[in-house]
Amino acid sequence: MKRSLSGIKPTGKLTLGNYIGALKNFKNYQDEYENFIFVADLHALTLPIDSKELYQNTKDIVALYLACGLDPKKTTIFLQSDVSEHSELNAIVQNYLYMGELSRMTQFKDISSKMNQSSIGLGIFAYPVLMAADILLYDADVVPVGEDQKQHVELCRDLVHRFNARYNEEVFKMPQPVMAKVGTRIMSLSDPTKKMSKSDPKGDIFLLEDLKSIEKKIMRATTDLGSDIYYNKEEKPGISNLLTIYASLKNISIEEAEEHFKDCHRYGDFKKEVASVVVEEISKIQEKYNEIINSNLIDEVLKDGAIRAKKVAKNVLTRVQKTVGLYGKE
Ligand code: AMP
Ligand code: TRP
């Protein structure tokens with residue numbers, strides 16, 4: 001059976017962008033693939049984060065994974081830090097990626113350009129190395145991610161070519177990034193030329209936000225000149241973003257969403273309909289989240305997930321250790 005693997009880092013409250021670009025698609029793989037979904041808690045340490053916040057965010061993400069339809073019988077749900085093989089494989093693969101290529105990663109350039117150059121942590125620079133270890137440790141065939149993470153999966157693919165060529169055998173499986181048909185990059189509601197990210201409360205919709213506040217944010221979303229509803233990212237970035245959100249949550253194409261609104265010439269009416277679809281979807285998630293967050297389910301799922309993940313990870317790690325010649329790894 002083919003394998004799918006992905007994760008989210010618990011650095012903040014999950015947004016509608018995380019949901020549409022990543023989370024919503026994770027469950028698409030649980031019937032036909034062996035599905036591994038984890039919380040990238042070690043990655044969350046690459047930028048300063050309060051320890052209590054990290055703890056709570058981690059718990060929230062697991063509850064949201066379950067609330068969004070991941071079935072722990074079908075999907076192995078676990079914490080990166082519970083499977084020490086991630087760090088062990090990281091220590092090996094770091095020697096097959098180059099500083100030049102790591103310094104060209106868009107995420108690193110974006111983050112480091114806003115920092116004091118002399119205090120950029122090694123972890124944020126080496127972020128894609130650990131991410132490659134995460135992927136390779138499970139022989140993943142596909143890696144569902146939003147657009148901003150595609151470059152990191154591509155770097156992992158370069159590593160696979162390089163490593164397999166060096167040892168002249170297929171030690172690592174070649175992973176393929178896969179993206180949602182609609183909504184690989186949801187934009188901020190306050191500035192639709194910027195990505196919706198966990199750190200922009202005005203332009204963000206959070207999955208655990210009050211429903212009234214969500215509705216308000218959509219009604220106030222920045223829109224464009226004119227009154228027609230159609231998709232054109234340059235002319236109408238705000239409308240295009242709302243159309244994308246609508247299409248994704250309705251599971252239809254952008255063209256079908258345009259068709260649906262072709263006779264609507266008032267942005268207010270359009271926004272009202274988008275808001276009602278978003279609120280409906282998020283309220284269902286919140287209802288399930290509330291049932292889960294204070295139950296024992298989270299700990300049970302993580303305990304079982306760590307055991308299942310470790311089994312696979314240990315095998316792959318041993319194979320790699322033997323390949324590179326680490327003594328006594330039979
Ligand atoms: P992060 O918030 O960076 O931990 O991202 C977790 C997952 O959500 C990754 O697969 C991202 O590509 C995806 N993601 C984050 N923000 C967005 C967005 N605005 N639109 C679509 N996907 C996103
Ligand atoms: N970097 C991803 C993000 O920010 C999280 C992540 C860590 C990941 N390791 C991964 C995603 C491996 C897919 C596969 O969202």
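Residues numbered from 1 in each chain as written. Chains lettered and ligands numbered in written order. Predicted model: local features only at pLDDT ≥ 70, side-chain atom pairs only at ≥ 80, totals over all residues. Heavy atoms only, no water.

**Things to note about the overall build of the protein**
For the protein, the count of helices and strands is 14 helices and five strands. For 330 residues, the compact-globule estimate of 2.2 N^0.38 gives 20 Å, and the protein sits close to it at 21 Å. If one aligns the C-alpha atoms of the protein with their principal axes, the spans along those axes are about 70 × 45 × 40 Å. Across the 330 residues of the protein, 52% fall into the buried class. By sequence separation, contacts in the protein at least 24 residues apart represent 74% of the contacts at least 6 residues apart. For the protein, the accessible surface area stands at approximately 16,200 Å², while carbon and sulfur atoms represent 49% of it. Between the mean site of the 45 positive side-chain charges and the mean site of the 47 negative ones, the protein shows a separation of 2 Å. (Helix = DSSP H or I, 4+ residues; strand = E, 2+ residues; numbered from the N terminus. Rg over C-alpha atoms; globule rule 2.2 N^0.38 Å. Buried < 20%, exposed > 50% of the residue type's maximum accessible area, 1.4 Å probe, protein only. Contact = heavy atoms within 4.5 Å. Areas by Shrake-Rupley, 256 points an atom, 1.4 Å probe, with all protein chains shown as cover. Lys, Arg positive; Asp, Glu negative; His and termini not counted. Charge placed at Lys NZ, Arg CZ, Asp CG, Glu CD.)

**Side note on helix α8 (residues 127–136)**
The element α8 is extensively covered by neighbouring structure, given that 10 of its 10 residues are classed as buried. For α8, the complete set of buried residues consists of Tyr127, Pro128, Val129, Leu130, Met131, Ala132, Ala133, Asp134, Ile135 and Leu136.

**Some words on unusual backbone geometry**
You will see that Asp139, though not glycine, has its phi angle at about 50 degrees, which is positive. We note that Asn168 has phi near 55 degrees; this positive angle belongs to a residue other than glycine. Secondary-structure assignment places Asn168 in the loop between α9 (150–167) and β5 (176–178).

**Description of the site of ligand 2**
Taken together, 14 residues surround ligand 2, and among them Lys9, Tyr127, Met131, Asp134 and Gln149 come closest. Residue Tyr127 places a side-chain N or O atom 2.6 Å away from a nitrogen atom belonging to ligand 2. The separation between a nitrogen atom of ligand 2 and a polar side-chain atom of Gln149 is 2.9 Å. Those elements giving two or more residues to the shell around ligand 2 turn out to be β1 (3–8) and α8. Take the shell around ligand 2: its biggest share by element is four residues, from α8. Tallied by class, the residues present in the shell around ligand 2 amount to eight nonpolar, four polar and two charged. (Near = heavy atom within 4 Å. Polar contact = N/O pair within 3.5 Å; in protein donor to acceptor, adjacent residues only side chain to side chain. Nonpolar A, V, L, I, M, F, W, Y, C, P; charged D, E, K, R; others polar.)

**Quick look at the pattern of salt bridges**
For the structure on display, the rule yields 13 salt bridges. When the shortest N-O distance is used, the salt bridge between Lys217 and Glu209 registers 2.8 Å. This pair shows no difference in class: Lys217 is buried, exactly as Glu209 is. Here Asp304 and Arg308 are joined by a salt bridge, their closest N and O atoms 2.7 Å apart. Note that Asp304 and Arg308 are positioned in helix α14 (residues 297–324) at a spacing of four residues, about one turn of the helix. Given a relative accessible area of 36%, Asp304 falls into the partly exposed group. (Salt bridge = Lys/Arg side-chain N within 4 Å of Asp/Glu carboxyl O.)

**A few points about helix α10 (residues 211–219)**
Along an α-helix, a turn takes 3.6 residues, which lines up residues three or four apart on a common side. Inspection of α10 places Ile214, Lys217 and Ile218 among the buried residues, and these make up the whole buried set. The arc that holds every buried residue of α10, seen down its axis, measures 95 degrees, which confines them to one face. In the core, the buried residues of α10 are packed alongside α11 (237–250) and α13 (267–293). (Arc of directions from axis to C-beta.)

**Details of the pairing of strand β2 (residues 34–39)**
Across the six residues of β2, five count as buried, placing the element largely inside the fold. Two strands pair when backbone bridges link them, and β1 and β2 are joined in this way by six bridges, in the parallel orientation. Bridge pairing in β2 places Ser6 opposite Ile37. Regarding topology, helix α1 (residues 16–26) serves as the crossover connection from β1 to the parallel β2, and that connection is right-handed. Relative to strand β3 (residues 75–79), β2 runs parallel, the two being bridged by five bridges. Note that in β3 the partner of Phe36 across the bridge is Thr76. (Pairing = 2+ DSSP bridges. Right-handed = clockwise from strand over helix to strand, strands pointing away.)

**Observations concerning the site of ligand 1**
Close contacts around ligand 1 come from 17 residues, with Lys9, Asn18, Asp148, Ile186 and Met196 the closest. In the model, an oxygen atom of ligand 1 is placed 2.9 Å from a nitrogen or oxygen of the Asn18 side chain. Contacts to ligand 1 include Ile186, whose backbone N or O atom sits 2.8 Å from a nitrogen atom. With four residues, α1 is the single largest residue contributor to the shell around ligand 1.

**Regarding the environment of Val93**
Mapped onto the elements, Val93 comes out in helix α4 (residues 85–93). In this structure the C-alpha to C-alpha distance between Val93 and Phe163, which are 70 residues apart in sequence, comes to 8.6 Å. Apart from residues no more than four positions distant in its own chain, Val93 is found in contact with Val129, Ala133, Leu159 and Phe172.

**Digging into the packing of helix α3 (residues 51–67) against α14**
Between α3 and α14, the least distance of the axes is 10 Å, while the angle of their chain directions is 90 degrees. Accordingly, the angle class assigned to the pair α3 and α14 is roughly perpendicular. When α3 is examined against α14, the residues Lys59, Val62, Ala63 and Leu66 are found in contact with a partner set consisting of Leu297, Ile298, Val301 and Leu302. The residue makeup of the contact of α3 with α14, split by class, is seven nonpolar, no polar and one charged. (Axes fitted to C-alpha atoms, helices over the stretch in contact; angles between N-to-C directions. Parallel < 35°, antiparallel > 145°, perpendicular 65-115°, else oblique.)

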